[in-house]
Amino acid sequence: MSQEIAVVGSPEFTTGFRLAGVRRFENVPEDEKEESLDDAATAALEDEGVGIVVMHDDDLEYLSRGVRQDVETSVEPVVVTIGSGTGGGGLRDQIKRAIGIDLMDEDEQEDT
């Protein structure tokens, strides 16, 4: 079964992904994040047709402790956060968690 990408966040955040062809998304307006982001993230995590969930890094602070833990430890679907707070190390850890190996580590060993 082929799995899709889902995007969770504000309409401004999801629009670019929608234009790129992502069909699954949960729009949560900025003024509703405190009340609605937990439900949106949970819906994306529980959708069996979703393999990757994309969220903005700043939105993690709006999640309750339990949902945030689910987001941070989810393996299937893998949750990828992007935005102002995500550096190269964060993306590296997310890739490692998603596929189980550190691709960048192997590249560094080949260069030495």
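Residues numbered from 1 in each chain as written. Predicted model: local features only at pLDDT ≥ 70, side-chain atom pairs only at ≥ 80, totals over all residues. Heavy atoms only, no water.

The protein chain has the name A-type ATP synthase subunit F in an unreviewed UniProt entry, where Natronococcus occultus SP4 is given as its organism. The record held by UniProt for the protein chain lists under Subcellular location (unreviewed entry) the comment "Cell membrane". In its Subunit (unreviewed entry) section, UniProt records this for the protein chain: "Has multiple subunits with at least A(3), B(3), C, D, E, F, H, I and proteolipid K(x)." (UniProt positions renumbered as here; feature names shortened; annotations may be inferred.)

(A) Structural detail: the sheet that holds strand 3 (residues 50–56). Pairing within the open sheet is parallel, and its 4 strands lie in the order 2-1-3-4. A strand with exactly one partner marks an edge of an open sheet, and here the two such strands are strand 2 (24–27) and strand 4 (78–82). Each strand axis lies, on average, 20 degrees off the axis of its neighbour in the sheet, ignoring direction. Along the sheet face, helix 1 (residues 11–19) touches strand 1 (4–9), strand 2, strand 3 and strand 4 and points at about 160 degrees away from the line of strand 1. (Pairing = 2+ DSSP bridges. Helix = DSSP H or I, 4+ residues; strand = E, 2+ residues; numbered from the N terminus. Axes fitted to C-alpha atoms, helices over the stretch in contact; angles between N-to-C directions. Contact = heavy atoms within 4.5 Å.)

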